[in-house]
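# Observations on the three-dimensional arrangement
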Amino acid sequence: MHPHLKYLIELQGVDFRLIEIRERVSKFPKRLAEVEARVTAARHRITTAKEALTSSLKERKTYEMDVEQWKERAKKYRNQSGEVKTNEAYKALQHEIQNAENEIAKAEDRLLDRMVAGEEYERQVKAAEAAVKEIEATASKERQAIQAEYNAAHKELAAADAARAAAVAAVPEDLVDHYERIAKRHGGIALAEIRGEGCGQCGVHIRPHVIQLLQRDGNEEFYHCETCTRILYYANHSAAPASASAGASSADPSVAPARET
Ligand SMILES: [Zn+2]
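Residues numbered from 1 in each chain as written. Predicted model: local features only at pLDDT ≥ 70, side-chain atom pairs only at ≥ 80, totals over all residues. Heavy atoms only, no water.

### Re a nonpolar patch on the surface
Rules: Residues enter patches when their relative accessible area tops 30% and they take part in no salt bridge; the joining distance is 9 Å for like charges and 5 Å for the nonpolar side chains Val, Leu, Ile, Met, Phe, Trp and Tyr. Accessibility throughout is a Shrake-Rupley quantity obtained with a 1.4 Å probe, and a residue counts as covered only by protein chains that appear here. Any Lys or Arg side-chain nitrogen located within 4 Å of an Asp or Glu carboxyl oxygen qualifies as a salt bridge. Going along the chain from the N terminus, every DSSP run of H or I of four or more residues is numbered as a helix, and every run of E of two or more is numbered as a strand. Exposure is judged per residue with a 1.4 Å probe applied to protein chains only, and the accessible area is read against the type maximum: over 50% gives exposed, under 20% gives buried, and values in between give partly exposed.
A cluster of nonpolar side chains, Leu112, Met115 and Val116, forms an exposed patch at the surface whose accessible area comes to about 260 Å². For leucine 112, the location among the structural elements is in helix 3 (residues 87-169). The exposure class of leucine 112 is exposed, given its relative accessible area of 51%.

This is the structure:
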């Protein structure tokens, strides 16, 4: 492995962390906005319910006046009926009185409807007000939690920045430039591990000869993926996973009897 490559791998590790933290940080405004939107929507439901209640009360007033007016007219016709001279006029008045009675009944029905609706709107206003209290309390907790996460993420960011500065200090400047040029073009990822027989990032097949060279201890050359141009490296996992898989396979039977007891 090229002597500087292990520092580049460290640098890439820090950069992966930075990418993850920055992505997390970038989501905070949206998460806060979602909390605020929920509160706004809940407050809006109060306004809507109150408006419905107000217009219902207005209609109720109108229908109350309708009832009164038709009652007045019926009373007037009844008073007149004592003074009419002809049978025709009497019949006409009776007709008017009947008509007024019908209108009173209709207006009273409408009035009753509005009174029932008004009670329903009052319930809706109260329910919406109670819901807002609950949603605001939840929102306040959520805001605090988001703020705490935000502060923690910023601490992580500062730590990762410091780690990056340390990693960069271990690598010659022109190599850092080279790394950063590739990273800039490829979403912050300048290095690609050999996976199987291919580039671990773009997946393209890498010539076996190059893989052999990368595996060689004395190698001091950099090799790039011919497709994505990332700096290739070969990490020898064969020692570690072998012991890990041995550990895992021996762990399974040891876990099973433990569960039985
Ligand atoms: Zn590649």
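Continuing now.
### Looking at the coordination of the zinc ion
Operational definition: Donors, by definition, are the N, O and S atoms found within 2.8 Å of a metal, the threshold being 3.2 Å for Na, K and Ca, and water is not counted, so a site can look incomplete. In this scheme the shape depends on donor count and angles: four donors with every angle between 85 and 135 degrees give tetrahedral, four or six donors with opposite pairs above 155 degrees and others between 65 and 115 give square planar or octahedral in turn, and any other case is irregular.
Taken together, Cys199 (SG), Cys202 (SG), Cys225 (SG) and Cys228 (SG) make up the full set of protein donors to the zinc ion, lying 2.3 Å away. Given four donor atoms and angles of 101 to 119° at the metal, the environment of the zinc ion is assigned as tetrahedral. For cysteine 199, a relative accessible area of 3% puts it in the buried group.

### Concerning the pattern of salt bridges
Going through the model one piece at a time under the given rule, you end up with 21 salt bridges. One salt bridge connects glutamate 23 with lysine 27, and the closest N-O pair in it is separated by 3.3 Å. Among the residues examined, glutamate 23 registers a relative accessible area of 43% and is labelled partly exposed. With its nearest N and O atoms 2.6 Å apart, the salt bridge here joins arginine 143 to glutamate 36. Linking arginine 143 in helix 3 with glutamate 36 in helix 2 (residues 28-81), this pair joins segments that are 107 residues apart in sequence. What makes glutamate 36 partly exposed here is its relative accessible area of 33%. Where salt bridges share partners, they join Asp15, Arg164 and Glu180 into one cluster.

### Observations concerning the nonpolar core
We count it as follows: Throughout this description, the term nonpolar core refers to a set of buried Ala, Val, Leu, Ile, Met, Phe, Trp, Tyr and Cys residues connected via side-chain atoms within 4.5 Å. Contacts were defined at the residue level, with two residues in contact if any of their heavy atoms lie within 4.5 Å.
The biggest cluster of nonpolar side chains holds 14 residues, and the ones touching the most others in it are Leu8, Tyr179, Ala190, Leu191 and Ile231. Counting only elements with at least two residues in this core, the list comes to helix 1 (5-26), helix 4 (173-185) and strand 3 (231-233). For this core, the element with the highest residue contribution is helix 4, accounting for five residues. If sequence neighbours within four positions are ignored, tyrosine 179 has contacts with Leu8, Leu11, Gln12, Asp15, Arg164, Ala190 and Leu191.

### Brief notes about the packing of helix 1 against helix 3
When two helices pack together, you describe them by how their axes are tilted relative to each other and by the distance separating the axes. Inclusion rule: Here the axes come from fitting lines to C-alpha atoms, over the contacting stretch only for helices, and the angles between their N-to-C directions go from 0 to 180 degrees. In what follows, roughly perpendicular refers to angles from 65 to 115 degrees, roughly parallel to angles under 35, roughly antiparallel to angles over 145, and oblique to any angle outside these ranges. Should the near helix be turned anticlockwise from the far one by less than a right angle, the crossing is left-handed, and should it be turned clockwise, the crossing is right-handed. Put simply, Ala, Val, Leu, Ile, Met, Phe, Trp, Tyr, Cys and Pro go in the nonpolar bin, Asp, Glu, Lys and Arg in the charged bin, and everything else, Gly too, in the polar bin.
Packing of helix 1 against helix 3 leaves a shortest axis separation of 9 Å and a crossing angle of 155°. As the angle between them shows, helix 1 and helix 3 are arranged roughly antiparallel. Seen along the crossing, helix 1 lies across helix 3 with a hand that is left-handed. From helix 1, Leu11, Val14, Asp15, Arg17, Leu18, Ile21, Arg22, Arg24 and Val25 reach across to helix 3, where they touch Tyr150, Ala153, His154, Glu156, Leu157, Ala160, Asp161, Ala163, Arg164, Ala167 and Val168. Taken together, the residues of the contact of helix 1 with helix 3 break down into 12 nonpolar, one polar and seven charged.

### Focus: the packing of aromatic side chains
Here is the rule we go by: Two rings belonging to Phe, Tyr or Trp (six-membered ring only in the last case) form a pair when the distance between their centres is within 6.5 Å. Interplanar angles under 30 degrees mark stacking, angles over 60 mark edge-to-face geometry, and anything in between is tilted. A ring has a charge above it when a Lys NZ or an Arg CZ is no more than 6 Å from the ring centre and no more than 35 degrees off the ring normal.
Across all of its chains, the model carries one aromatic pair by this definition. Ring centres of phenylalanine 28 and tyrosine 150 lie 5.2 Å apart, and the angle between their planes is 85°; on these two criteria the pair is classed as edge-to-face. With a gap of 122 residues between them, phenylalanine 28 in helix 2 and tyrosine 150 in helix 3 connect regions that are remote in the sequence. We classify phenylalanine 28 as buried; its relative accessible area is 2%. When the ring centre of tryptophan 70 is taken as reference, the NZ or CZ atom of arginine 73 above it lies at 4.3 Å.

### Looking at the environment of isoleucine 97
Within the secondary structure, isoleucine 97 sits in helix 3. Expressed as a C-alpha distance, the spacing of isoleucine 97 and arginine 78, which sit 19 residues apart in the sequence, is 7.0 Å. Those residues within four positions of isoleucine 97 in sequence are excluded, and the remaining contacts are Ala74, Tyr77 and Arg78.

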